[in-house]
Amino acid sequence: MPIGRKSPELSARDSVVEPTKPRLLGILGPGLITGASDDDPSGIATYSQVGAQFGYTPTWTLLFSYPLMVAIQIISGRLGRTTGRGVAGNLRKYYPIWLVYSAVPLLLVANTINIGADIGAMGDATKLVVGGPSLLYSVLFGAVCAMTQVFLQYKQYVRVLKWLCLALLAYVAALFVVKIDWHALGVGFFIPHFQFSAEFLTAVVAIFGTTISPYLFFWQASQEVEDMKEKPERDPLKDHPEQAEEAKQRISLDTLAGMGVSNFIALSIMVTAAATLHAHNITDIKSSADAAKALEPVAGKFAEVLFVIGIVGTGLLAVPVLAGSAAYGLGETFRWKTGLARKPKEAKAFYATIAVATMLGTAMNFSGINPIDALFWSAVVNGVVAVPIMFVMMFMAANPKVMGEETISLSLKIMGWLSTAAMTLCAIGMVITLIM
């Protein structure tokens, strides 16, 4: 074979992670990135606020939500891998067009608001450490997030996202610089406690709304489709069921790991806030930057810096996922050419959606809109959108017309419907909270 030429077998298997690397790194991909992006600056603000306000008491919600979010994300990944289409593509193909036309614009609005809040938090966090104008930093972060998606090749882009997952370790490190009441944590984590108050109900709804979000469904399903395009040996399982066993094992392991990382980091943030802010009666945290700033007097400058590193790193990971999931949803709805593996000139509308969503989110920070109010309404929209999408996803995943022979198992159906029921209760809780 000529020097410098790959064998056909190596060419076929050349993908995001080279086969010479450990097998685990080759397995971890869409699920890991999806889970890590769930802990965005907006999520950090939620977990910090809950920990500061209620201490260790609500930590049980993360143990409870883990199997539910794993189930619905595995179903999302299986839907993409089995059909070769994302969530919106399957909605358009098998369900009334008004359903996708109703859901996707709401997803776009919620994601854009979330992008704006995340970019603003990154700017505020950077200002805490280095000084200067936070709006300038917000513009720079917005530009970086948009350009990486548009100009980096897909393989390089996924590598960048995987490395950005390491930013989450900042919150694990923060646990080592605070004094934790392990008994109170054990009681709060393993024994569910409920306070029948509007504040506690809002906190529980916020946690579930943060951990189970529609953009995560769209992203993971679409990334499974992207990976198939990048790996010639992979085909839609509906047409090639012989590939199903290995694919299902990979998606399950990837998602278990990704959502496990997500919830462990969320727990670390909540515990850090409980051990420091709640313990010193600091209960009014309005943003992730506020949480970082409040840490310094009670836990030292190092804890503040760790929090800031996490905010910026997770923001750089989450903003592209938010913009990308909106672009996938919109592109599949209107049958555009979609995919980060395509060059910008091949998928102009797809990349334009990414750029516009990121720019609009950045511009939100100049509008005078209260970021806390924006986040609240983003959570409300996400909660409303999640429920019908989850119902339809459950029906699609169990439908042989959609999935062929690879419909989901009984155990996955049970956990998926439990997850759907939990989000339905959260949506009802949001309405009750609004009325109260």
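Note that residues are indexed from 1 along each chain, following the sequence as it is written. pLDDT decides what is reported in this predicted model: residues at 70 or higher carry local features, side-chain atom pairs at 80 or more are listed and counted, and totals for whole chains, interfaces and linings draw on all residues regardless. In computing side-chain values, all of the structure's heavy atoms are included and hydrogens and water are not.

## Some remarks on the environment of I435
- Only DSSP runs of H or I reaching four residues or more are called helices, and only runs of E reaching two or more are called strands; each is numbered from the N terminus. Following the sequence through the fold, I435 ends up in helix α20 (residues 410-435).
- Each residue is assigned to one of three classes by its accessible area relative to the maximum for its type, calculated with a 1.4 Å probe on protein chains only: buried under 20%, partly exposed between the two thresholds, exposed over 50%. Relative accessible area serves as the criterion here: at 69%, I435 is assigned to the exposed category.
- Taking the C-alpha atoms as reference points, I435 and R85, separated by 350 residues in sequence, lie 39 Å from one another.

## Some thoughts on a nonpolar patch on the surface
- Grouping into patches uses exposed residues only, defined as over 30% relative accessible area, and leaves out salt-bridged ones; the cut-off is 9 Å for like charges and 5 Å for nonpolar side chains (Val, Leu, Ile, Met, Phe, Trp, Tyr). Methods summary: accessible areas were calculated by the Shrake-Rupley approach with a probe of 1.4 Å, and residue burial reflects only the protein chains presented. Only one rule defines a salt bridge in this text: a Lys or Arg side-chain nitrogen within 4 Å of an Asp or Glu carboxyl oxygen. Taken together, the side chains of I97, W98, Y101, F334 and W336 define a hydrophobic patch exposed on the protein surface, amounting to about 530 Å² of accessible area.
- Looking at the element boundaries, W336 is found in the loop between α16 (301-333) and α17 (348-363).

## Some thoughts on a positive patch on the surface
- A grouping of R85, K93, K238, R335 and K401 is seen on the molecular surface, where their side chains present a positively charged patch.
- One can find R85 in the loop between α5 (60-83) and α6 (87-94).
- The partly exposed category is assigned to R85, whose relative accessible area is 31%. Counted as positive: Lys and Arg. Counted as negative: Asp and Glu. His and the chain ends are not counted at all. Charge placement uses NZ in Lys and CZ in Arg. For Asp and Glu, CG and CD serve respectively.

## What to know about the confidence of the model for the protein chain
- The predictor attaches a confidence to each residue, and that confidence, scored 0 to 100, is pLDDT. In this model, the protein chain carries an average pLDDT of 84, and 90% of its residues clear a pLDDT of 70 or more.
- Least confident of the elements in the protein chain is helix α1 (residues 8-13), whose mean pLDDT is 39; most confident is helix α11 (residues 182-190), at 95.
- Predicted confidence is poor over residues 1-25, with pLDDT under 50, and the contacts of this stretch with residues over four places away or in other chains come to 28 contacts. A contact between two residues is defined here by any heavy atoms of the two lying within 4.5 Å.

## A word on the packing of aromatic side chains
- Working definition: a ring pair exists when centres of Phe, Tyr or Trp rings (six-membered ring for Trp) sit within 6.5 Å. Plane angles under 30 degrees give stacked, over 60 give edge-to-face, the rest tilted. Following the criterion strictly, the structure yields 14 aromatic pairs and no others.
- Centroid distance Y171 to F307: 4.9 Å. Interplanar angle 90°. Geometry classified as edge-to-face. Residue Y171 is found in helix α10 (residues 169-175), and its partner F307 is found in helix α16; the two are separated by 136 residues along the sequence. Accessibility classification places Y171 together with F307 in one group, the buried group.
- Put simply, the rings of F54, W60, F64, F194, F200 and F208 pair up and form one aromatic cluster.
- Its guanidinium or amino end placed over the ring of Y94, K93 lies 5.5 Å from that ring's centre, counting from NZ or CZ. We count a charge as sitting over a ring when the NZ of a lysine or the CZ of an arginine lies within 6 Å of the ring centre and within 35 degrees of the ring normal.

## Remarks on the packing of helix α4 (residues 41-54) against helix α14 (residues 244-276)
- Here α4 crosses α14 at 40°, and the two axes come no closer than 7 Å. When the axes of α4 and α14 are compared, the pair comes out oblique. Judged by the sense of rotation from one axis to the other, the crossing of α4 with α14 is right-handed. Contacts between α4 and α14 pair I44, Y47, S48, V50, G51 and A52 from the former with A266, I269, M270, A273 and A274 from the latter.
- Residue composition of the contact of α4 with α14, by class: nine nonpolar, two polar and no charged. Axis geometry follows a simple rule: fit a line to the C-alpha atoms, using only the stretch in contact for helices, then measure angles between N-to-C directions, giving values from 0 to 180 degrees. Angle categories are assigned with fixed cut-offs, so that under 35 degrees is roughly parallel, over 145 is roughly antiparallel, 65 to 115 is roughly perpendicular, and the rest are oblique. For a crossing to be left-handed, the near helix must be turned anticlockwise from the far one by less than a right angle; the clockwise case is right-handed. Residues are grouped as follows: Ala, Val, Leu, Ile, Met, Phe, Trp, Tyr, Cys and Pro are nonpolar; Asp, Glu, Lys and Arg are charged; every other residue, Gly included, is polar.

## Observations regarding the pattern of salt bridges
- Counted according to the given criterion, the structure contains two salt bridges.
- Two residues, R250 and E224, come together in a salt bridge whose shortest N-O distance is 2.7 Å. Remark: E224 occurs in helix α13 (residues 214-230) and R250 occurs in helix α14; sequence separation between them is 26 residues. Summarising the burial analysis for this pair, R250 and E224 share the class buried.
- K248 is the partner of E406 in a salt bridge, and the nearest nitrogen-oxygen pair spans 3.3 Å.

## With respect to the packing of helix α7 (residues 97-130) against α16
- For the pair α7 and α16, the least separation of the axes is 8 Å and the interaxial angle reads 160°. With respect to α16, the element α7 is oriented roughly antiparallel. The element α7 and its partner α16 pack so that their crossing is left-handed.
- For the contact of α7 with α16, the class distribution of residues is 22 nonpolar, seven polar and three charged.

## Section: α6
- Where burial is concerned, most of α6 is hidden: six out of the eight residues are buried.
- Listing the buried residues of α6 in full gives V87, A88, G89, N90, L91 and Y94.

## Some thoughts on the side chain of N263
- Inspection of the secondary structure assignment puts N263 in helix α14.
- For N263, a relative accessible area of 6% puts it in the buried group.
- Ignoring any residue separated from it by four or fewer positions in sequence, one finds N263 in contact with L62, S65, Y66, M69 and T211.

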